[in-house]
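Structural overview
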Amino acid sequence: MPTPLYLAAAVAVSTAITWGLRALPFAVLGPLRRSSVTRFLALQMPTGIMLILALYTLRDLRPTPWTAMVPTAVALAAAVGLHLKTRNAVISVLGATALHVLLSTFWHAG
Amino acid sequence: MRTRDFTAAAADTASVGLSLFPLGVSFGVLMVHAGLDWWWATVFTAVIYAGSLEFLLVGLVATVTPLGQIAATALLVNLRHVFYALSFPLRQVRPAGRVYATFALTDEAYALTAGGRARDWSGARILWMQVLCQAYWVGGATAGALAGALVPVTLHGLEFALTALFVVLTIDAWRDLRDLPTPLLAAGSFAAAALLMPGSLLPVAMALFTASLLIRYALRHRRPAPAVPQPASEPVVCGSGLER
């Protein structure tokens, strides 16, 4: 069982590293912001980074047995479909998540 | 003025909040199920404030993993934040606020300001946006941990909120440009990283993706040149001055 001291140390280490990674690049990259390469990257990166993060959240998905993938596949299709149709992120996120909760609860039970 | 910034930030964060809150709930439940006191969920989300790392930490701290390994995990999982400095509008925030603005520069804060969307936002609006994002996350985690401590029922599948959020953000970011090669390069980078270095999937995928974009940039900027012989190339200086 982790002690409070250990947990506090783990939090401190994680915080220091995370904050460092978020703050220090501004000092290094600041002067580069005006270059045309940087502007090209800043323009092109969001789509790709968001896609990589979306794929990353699905990294534990395994194709065997295929039935285990059904809730995720259906919810994924719902998220894409809802968002292309409504353009409303609230509806897309809530709808797809609710569908996933329902499917994972009853799919496992059934 | 203050109220207007807050109202704007509340509207900016509505969709993100609807995925951050349920996600926080599932994190809180997970913390309690791992045997930690409920208030550690509040401490983790308020102090570390890095969602995907926190989810990984639950398993690591429950088994008292050495701090060195926790540091390495934090470094690898959050290395992607290095790239956010390229476009996050930190200059619009006054110096005192930059401490918090960099601390709270999460994937969601980056996504909400990406693509030049925040170019005319005030510093206060950017900070409120970040404060609200963190409030949804900490509030959800605390509520989830308290509920998990009281009611021994698990809700399966809540974690899909994060996937749904990133899918929605991908579609929104794609709509700004409607450019196909970039998402293909991203998917290819992810597949390559998953095959080559599954242990540090996220930073490797992002590094490969950045490298492929740089190659694409180099190819695109070579194309119009070949007809005229160029003098020895000088460092590229962009003097348009239109960007801000």
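- As recorded in an unreviewed UniProt entry, chain B goes by Branched-chain amino acid ABC transporter permease and comes from [Actinomadura] parvosata subsp. kistnae.
- Quoted verbatim from the Sequence similarities (unreviewed entry) field of the UniProt record, the comment on chain B reads "Belongs to the AzlC family."
- Looking at chain B in UniProt, the text filed under Subcellular location (unreviewed entry) is "Cell membrane".

- If you check an unreviewed UniProt entry, chain A appears there as Branched-chain amino acid ABC transporter from [Actinomadura] parvosata subsp. kistnae.

1. A word on helix α1 (residues 2–33) of chain B
Residues and elements named next belong to chain B.
- In this model, α1 (32 residues) spans only 41 Å end to end at C-alpha, well below the 46 Å of a helix rising 1.5 Å per residue.
- The largest bend in α1 amounts to roughly 55° and is located at Ala14.
- Phi turns positive, to about 95°, at Gly35, one or two residues after α1.

2. Observations concerning the UniProt feature "transmembrane region" (unreviewed entry) in chain B
Residue and element names in this part refer to chain B.
- Those places that UniProt annotates as "transmembrane region" (unreviewed entry) correspond, in this numbering, to residues 12–32, 127–150 and 186–215.
- Across residues 12–32, helical content stands at 100% and strand content at 0%; the span's end C-alpha atoms are separated by 31 Å.
- For residues 186–215, the end-to-end C-alpha separation is 13 Å, with 87% helix and 0% strand making up the annotated structure.

3. Things to note about the nonpolar core
- Of all hydrophobic cores here, the largest spans 90 residues; its most connected members are Met45 of chain A together with Phe44 of chain B.
- With residues up to four places along the chain from it excluded, the contact list for Phe44 of chain B reads Leu7 and Val11 of chain A together with Phe27, Met31, Tyr49, Glu54, Leu57 and Val61 of chain B.

4. Remarks on the interface of chain A and chain B
- Facing 67 residues of chain A, the contacting portion of chain B comprises 96 residues.
- Here chain A and chain B share an interface that buries about 7500 Å² over both sides, 76% of which is from carbon and sulfur atoms.
- On inspection of chain A and its partner chain B, the count reaches zero salt bridges.
- Joining chain A to chain B, the criterion identifies 14 residue pairs in polar contact (both at pLDDT 80 or more).

5. Re the environment of Val58 of chain B
All names here are of chain B.
- With respect to the helices and strands, the residue Val58 is situated in helix α3 (residues 51–62).
- Under the relative-accessibility criterion, Val58 is labelled buried at 5%.
- Put simply, Val58 and Asp176 are 118 residues apart on the chain and 37 Å apart in space, counted from C-alpha to C-alpha.
- If near-sequence neighbours (up to four positions away) are discounted, Val58 is found in contact with Phe27, Leu30, Met31 and Ala34.

6. Overview of the pattern of salt bridges
All names here are of chain B.
- Within the structure shown, the criterion is met by four salt bridges over all chains.
- The salt bridge involving Arg117 is made with Asp176; its shortest N-O contact spans 2.8 Å. Here Arg117 is found in the loop between α6 (107–113) and α7 (123–150), whereas its partner Asp176 is found in helix α8 (residues 160–177), with 59 residues between them in sequence.
- Classification of Arg117 by relative accessible area gives partly exposed; the value is 36%.
- Ionic pairing is found between Arg216 and Asp179, a salt bridge with its closest N-O pair at 2.8 Å. With Arg216 in helix α10 (residues 201–222) and Asp179 in the loop between α8 and α9 (181–196), this residue pair connects regions lying 37 residues apart in the sequence. An identical accessibility class is assigned to Arg216 and Asp179; each is buried.

Rules and cut-offs
Residues numbered from 1 in each chain as written. Chains lettered and ligands numbered in written order. Predicted model: local features only at pLDDT ≥ 70, side-chain atom pairs only at ≥ 80, totals over all residues. Heavy atoms only, no water. UniProt positions renumbered as here; feature names shortened; annotations may be inferred. Helix = DSSP H or I, 4+ residues; strand = E, 2+ residues; numbered from the N terminus. Expected span 1.5 Å × (residues − 1). Bend = angle between axes of the 7 residues up to and from the residue. Core = buried A, V, L, I, M, F, W, Y, C linked by side-chain atoms within 4.5 Å. Buried < 20%, exposed > 50% of the residue type's maximum accessible area, 1.4 Å probe, protein only. Contact = heavy atoms within 4.5 Å. Buried area = accessible area lost by both parts, 1.4 Å probe. Salt bridge = Lys/Arg side-chain N within 4 Å of Asp/Glu carboxyl O. Polar contact = N/O pair within 3.5 Å; in protein donor to acceptor, adjacent residues only side chain to side chain.

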